[in-house]
Each structure stands twice: as structure tokens, then as C-alpha cells.
Amino acid sequence: MKHPIAILISGRGSNMRALAEACAGEDYPARVALVLSNVKDAAGLAWAAERGIPTATVEHKAYGGDREAFERALDREISASGASFVCLAGFMRVLTPWFIDTYRGRLINIHPSLLPAFPGLHTHRRALEADVAVHGCTVHHVIAHVDAGEIIQQASVPVLPDDTEDTLAARVLVEEWRLYPEALRRALPKG
Ligand code: GAR
């Protein structure tokens with residue numbers, strides 16, 4: 001059986017594409033029930049819509065500072081789609097304990113560093129500043145503490161002597177596309 005998943009994005013959506021392409025495989029244990037964005041012109045929405053994948057937008061801006069009201073609207077869209085599992089893929093809003101509890105055990109994220117190193121933003125710049133030899137990406141369960149949930153799977157890349165933030169980000173991103181479908185397969189409920 002294919003588990004129906006919702007993928008939450010805020011922009012480009014290249015990790016969403018990697019997940020959607022994996023889901024298109026007959027033997028892959030998930031299908032994309034919804035691509036949901038908090039930004040109405042997120043590039044990934046158009047890509048999904050062109051392929052007949054259901055899309056929706058819930059703009060956080062419409063809810064002022066009421067994060068839980070925004071998340072209740074997200075939850076309504078996810079529930080209406082039939083999705084039972086949520087993948088954050090470049091979704092750039094910090095979620096409240098209410099949403100995280102609602103989806104406990106069914107909510108995963110991809111982060112562009114080898115957690116617990118470099119939680120938060122600007123991970124590639126910080127990796128270069130710290131002069132690490134190895135960098136990478138992590139898929140993890142989401143808990144109330146940002147970028148701190150149980151790690152499902154990681155992929156690493158070497159940091160090269162002449163790397164810039166952009167070259168390093170690009171090398172990590174290729175690994176993200178490979179990692180996320182593998183980690184999702186691992187995180188889905190069995191059966
Ligand atoms: C990805 O590198 C993802 O790991 C990162 O945003 C990028 C989104 O790209 N996520 C975070 O930084 C989460 N804190 P994409 O929209 O092309 O998938």
C-alpha cells in the first residue's frame with residue numbers, strides 16, 4: 001500500500017520534486033496527496049500542479065502573528081487531502097508544539113547540515129567558517145526543539161579547499177535529493 005503524504009514547501013521545492021519523483025515509482029511505499037505552501041508563488045507549487053499533483057496554499061501572513069491558527073489551517077488542508085504523513089521540504093516556518101503533537105511520529109524534515117552540527121540558518125556559511133572537513137544533510141523527526149529530533153538518516157560530502165557557500169550548498173543539495181526518498185521510506189509506518 002502507498003502511504004499518502006503531504007509535502008510542505010516555501011520556495012524552490014527541489015526536495016519536494018525528489019520525493020515526488022520517487023513516489024512515481026511503482027514500488028515506492030508513498031504517494032503525494034498534497035503539496036502545501038505558505039508562499040503562494042512558491043516555484044514548487046507550479047511544478048507539482050503541472051504534474052497533476054494536488055496543491056494548496058495557506059499564507060502565514062493572513063494569520064498575523066497567530067501561529068496556531070495558521071497551523072490549524074494547514075492541518076485542515078492536510079486532513080482534507082487524506083495525507084497521513086508530513087514531509088517538510090524547505091518549509092521555512094517554525095512549527096508550534098500544537099502542530100508537532102498533532103503529527104507526532106508522522107512529521108519529518110530535511111536539514112542542510114550534519115546535525116547536531118549547525119542547526120538553524122546559513123548552515124553552509126557556518127560550516128565553511130568552522131573549517132570542517134565534512135558537511136552534509138540530515139533527515140530527522142520533528143520535535144518541539146528546532147532541528148533536534150531523532151535522526152533518521154544522514155549523507156555527507158567533503159568540504160573542498162576552494163569551496164564557496166554556493167558550491168558547497170550545491171554539493172549538499174544533490175545528496176539531499178538522494179537522501180530524502182531513502183529516509184522517508186525508512187520512516188514510514190511498516191505495512
Ligand atoms: C534545502 O536545502 C533544505 O535542506 C533547506 O532548504 C532548502 C530548500 O530547498 N531546509 C532548511 O534550511 C530547513 N531549515 P528546496 O526548496 O529546493 O527543497
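First, a word on what this report is: a plain description of the structure on this page. On a predicted model such as this, the values are computed, not experimentally measured, just so you know.

## Details of the pattern of salt bridges
Stage number 1. In this structure the tally under the stated criterion is 7 salt bridges.
Stage number 2. When the shortest N-O distance is used, the salt bridge between glutamate 68 and arginine 72 registers 2.8 Å. Of the two residues, glutamate 68 and arginine 72 are both situated in helix α3 (residues 67-81); the distance of 4 residues between them amounts to about one turn of the helix.
Stage number 3. Residue classification places glutamate 68 among the partly exposed residues on the basis of a relative accessible area of 32%.
Stage number 4. Classification of arginine 72 by relative accessible area gives partly exposed; the value is 37%.
Stage number 5. A salt bridge links arginine 178 to glutamate 175, with the nearest nitrogen and oxygen atoms 2.7 Å apart. With a gap of 3 residues between them, arginine 178 and glutamate 175 both fall in helix α6 (residues 165-187), about one helical turn apart.
Stage number 6. Each of Glu175, Arg178 and Glu182 takes part in a single network of salt bridges with overlapping partners.

## A word on the nonpolar core
Stage number 1. Residues Ile5, Ile7, Cys87, Ile108 and Leu184 are the most contacted members of the largest nonpolar core, which totals 38 residues.
Stage number 2. Examining the composition of this core, we find that 7 residues originate from one element, α6, more than from any other.
Stage number 3. Counting 21 residues, the second-largest nonpolar core is a separate cluster that includes Leu8, Leu34, Phe70 and Val86.

## Some points on the site of the ligand
Stage number 1. Within the structure, the ligand sits among Arg12, Gly13, Ser14, Asn15, Gly90, Met92, Ile110, His111, Pro112 and Glu176.
Stage number 2. Here an oxygen atom of the ligand and a backbone polar atom of glycine 13 are 2.8 Å apart.
Stage number 3. Side-chain polar atom of glutamate 176 to an oxygen atom of the ligand: 2.7 Å apart, as the coordinates give it.
Stage number 4. More than half of the atoms belonging to the ligand lie within 2 Å of the grid points that define the largest pocket.
Stage number 5. Elements represented by at least two residues in the shell around the ligand include exactly α1 (14-23) and β5 (107-111).
Stage number 6. Per-class residue counts for the shell around the ligand are 3 nonpolar, 5 polar and 2 charged.

The rules behind these values
Residues numbered from 1 in each chain as written. Predicted model: local features only at pLDDT ≥ 70, side-chain atom pairs only at ≥ 80, totals over all residues. Heavy atoms only, no water. Salt bridge = Lys/Arg side-chain N within 4 Å of Asp/Glu carboxyl O. Helix = DSSP H or I, 4+ residues; strand = E, 2+ residues; numbered from the N terminus. Buried < 20%, exposed > 50% of the residue type's maximum accessible area, 1.4 Å probe, protein only. Core = buried A, V, L, I, M, F, W, Y, C linked by side-chain atoms within 4.5 Å. Near = heavy atom within 4 Å. Polar contact = N/O pair within 3.5 Å; in protein donor to acceptor, adjacent residues only side chain to side chain. 1 Å grid on protein atoms, 1.4 Å probe; cavity = no way out; pocket = protein on both sides within 12 Å on 5 of 7 lines; lining within 4 Å. Sits in = over half its atoms within 2 Å of the grid points. Nonpolar A, V, L, I, M, F, W, Y, C, P; charged D, E, K, R; others polar.

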